[in-house]
Amino acid sequence: MPQESSQRPHRVAVIVDEGTNPFEVGVATELFGLPRPELGLPGPLYEVTLCAPAPEIRMNHGFFTLTGVRGLDAVAEADTLVVPGRPDNVVPRGPDVLDAIRRAHSRGARVISFCTGTFALAEAGLLDGRRAATHWRWADSFRRLHPGVLLESDVLFVDEGDLLTAAGSAAALDLGLYIWRRDHGAEIANHVSRRLVFAAHRDGGQRQFVERPVPEVRDESLGPLLAWAQERLGEPLTVADLAARVRVSPATLHRRFRAQLGTTPLAWLTGERVALACRLIERGEERLDVVAARSGLGTAANLRARLRRATGLSPSAYRRRFGAGCGEALVS
């Protein structure tokens, strides 16, 4: 794991507005607000503050009322601001909420939206000319209201650096784990994902849910096959090998992967191998040829290309950011 400094935790503020979806508030607190003794670190990496524009806030459909949280002044202290969604997204947010979002962004805070929280970021004027994601169900109304935003309709989340947007409530988990990975590396992110019992990285976009929200016939779970393959990533596994393992044709396996994971068997296998390569680098392996062989990526050249495509970093840059013994060079 990366060695952590003695700096204060990264402060995360979550705006809870009238009608906010409680699930997304729960996602934010689950991701960033819980103690994580399993990481073996001297202190928390994040701390979460819920804040609201009024002393009492009715949650979505009036299931309950939230009280006892801080006012919007807490936004001024945040390193990251999270804006959850709400179902009445065509009703503009209050000016105090929009001003808080603008101020946070203007002073350099990272701003994140979950699901239809993207509407609030667009209302605040942060997304014009930039890419964003929101739930497929409200994509058309979003485009009508905010034609200047480059809406990505078939992704789980969009990373624009200082602005990150998740497509739906569950996609908030995908985005949150991505942020853990971006901030602290794959090794720590994998610990968090295992505690959540949620995939550290889901390939594919929203289209799998738009076209078939509830499949008429449920395919057999891919879970046992995925676990089997993850233990053999360093071996020369092929799609044909995976299909043979579950006694189906490659075409049938391809359909199951598309239906259940929203990706292809080859893309999933490559993604798992890149994730393993990241973990090996973080644990201190310096030899690129060894990392490539143990992760199943084959050659150092392929490792470099795949890692840069997945993370935007070269192996050396990745190790400087996340690896043990930072500052030492990777050698081929």
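If you're wondering where the values come from, they're calculated on a predicted model, not measured in any experiment.

Participant: Looking at this structure, how should I read the overall build of the protein?
Facilitator: A count of helical and extended segments in the protein gives 14 helices and ten strands. In the protein, which comprises 332 residues, the proportion classed as buried is 46%. Surface exposure of the protein reaches about 15,700 Å², of which carbon and sulfur atoms provide 52%.

Participant: Just checking my understanding: could you explain the pairing of strand S2 (residues 46-51) for this structure?
Facilitator: Within a regular beta strand, the side chains point alternately toward one face of the sheet and then the other, so they alternate between its two faces. Pairing of strand S1 (residues 10-15) with S2, which is carried by six bridges, proceeds in the parallel orientation. Each residue of the ladder has a partner; that of His10, found in S2, is Tyr46. Handedness of the S1-helix H1 (residues 22-32)-S2 crossover: right-handed.

Participant: Explain the sheet that holds strand S10 (residues 163-166) here, please?
Facilitator: In a beta sheet, neighbouring strands are held together by backbone hydrogen bonds and run either parallel or antiparallel to one another. Taken together, the six strands give an open sheet; going across it, the order is S2-S1-S5-S6-S10-S9, and neighbouring strands pair in mixed fashion. Sheet topology places S2 and strand S9 (157-159) at the edges, where each strand pairs with a single neighbour. For this sheet the average axis-to-axis angle between neighbouring strands, irrespective of direction, equals 15°. Where strand S5 (residues 80-83) lies against strand S6 (residues 110-113), four bridges are found, and the strand directions are parallel.

Participant: Can you walk me through the confidence of the model for the protein in this structure?
Facilitator: Low pLDDT marks stretches whose predicted atomic positions should not be read closely. When the pLDDT values of the protein are averaged, the result is 85; 88% of them are 70 or greater. Low pLDDT (under 50) marks residues 204-219, which in the prediction has 32 contacts with non-local residues, meaning those over four places away or in another chain. A low-confidence stretch, residues 325-332 (pLDDT under 50), is modelled with 20 contacts involving residues beyond four sequence positions or located in other chains.

Participant: How do you make sense of the nonpolar core when you look at a structure like this?
Facilitator: Counting residues in each nonpolar core, the largest one holds 32 residues, and the members touching the most others are Leu225, Leu253, Phe257, Leu303 and Tyr318. Elements with a contribution of two residues or more to this core: helix H8 (223-230), helix H9 (239-245), helix H10 (250-261), helix H11 (265-282), helix H12 (288-295), helix H13 (300-311) and helix H14 (315-322). The element contributing the most residues to this core is H11, with eight residues. By size, the runner-up hydrophobic cluster in this structure holds 30 residues, among which are Val14, Ala171, Leu177 and Leu196.

Participant: Got a minute to help me understand a nonpolar patch on the surface in this structure?
Facilitator: On the surface, Val90, Val91 and Leu145 cluster together into a nonpolar patch covering about 250 Å² of accessible area. Along the chain, the position of Val90 falls in the loop between S5 and helix H2 (95-106).

Participant: How should unusual backbone geometry be read in this particular structure?
Facilitator: Of all residues except glycine, most have a negative phi; of all peptide bonds, most are trans. Residues other than glycine seldom take positive phi values, yet Cys115 does so here, at roughly 55°. Turning to its location among the elements, Cys115 is positioned in the loop between S6 and helix H3 (117-123). In this model, Arg247 sits at a positive phi of 55°, which is unusual for a non-glycine residue. Of note, Arg247 is situated in the loop between H9 and H10. Residue classification places Arg247 among the exposed positions, given a relative accessible area of 77%.

Participant: Even after reading the chapter, I still don't get the environment of Trp138, so can you show me in this structure?
Facilitator: Positionally, Trp138 belongs in the loop between strand S7 (131-132) and helix H4 (139-145). Each C-alpha atom of the pair Trp138 and Thr116 lies 7.8 Å from the other, and the pair is 22 residues apart in sequence.

Participant: For this particular structure, what's the right way to read the pairing of S5?
Facilitator: Alternating positions in S5 separate into two faces, Thr80 and Val82 on one and Leu81 and Val83 on the other, with burial throughout. As defined by bridge partners, S1 adjoins S5 across three bridges and the pair is classed as parallel. The residue bridging Val14 from the neighbouring strand is Val82, located in S5. The handedness of the S5 to S6 crossover, carried by H2, is right-handed.

Conventions and cut-offs
- Residues numbered from 1 in each chain as written.
- Predicted model: local features only at pLDDT ≥ 70, side-chain atom pairs only at ≥ 80, totals over all residues.
- Heavy atoms only, no water.
- Helix = DSSP H or I, 4+ residues; strand = E, 2+ residues; numbered from the N terminus.
- Buried < 20%, exposed > 50% of the residue type's maximum accessible area, 1.4 Å probe, protein only.
- Areas by Shrake-Rupley, 256 points an atom, 1.4 Å probe, with all protein chains shown as cover.
- Pairing = 2+ DSSP bridges.
- Right-handed = clockwise from strand over helix to strand, strands pointing away.
- Axes fitted to C-alpha atoms, helices over the stretch in contact; angles between N-to-C directions.
- pLDDT = per-residue confidence, 0-100.
- Contact = heavy atoms within 4.5 Å.
- Core = buried A, V, L, I, M, F, W, Y, C linked by side-chain atoms within 4.5 Å.
- Patch = residues over 30% accessible without salt bridge, like charges linked within 9 Å, V, L, I, M, F, W, Y side chains within 5 Å.
- Salt bridge = Lys/Arg side-chain N within 4 Å of Asp/Glu carboxyl O.

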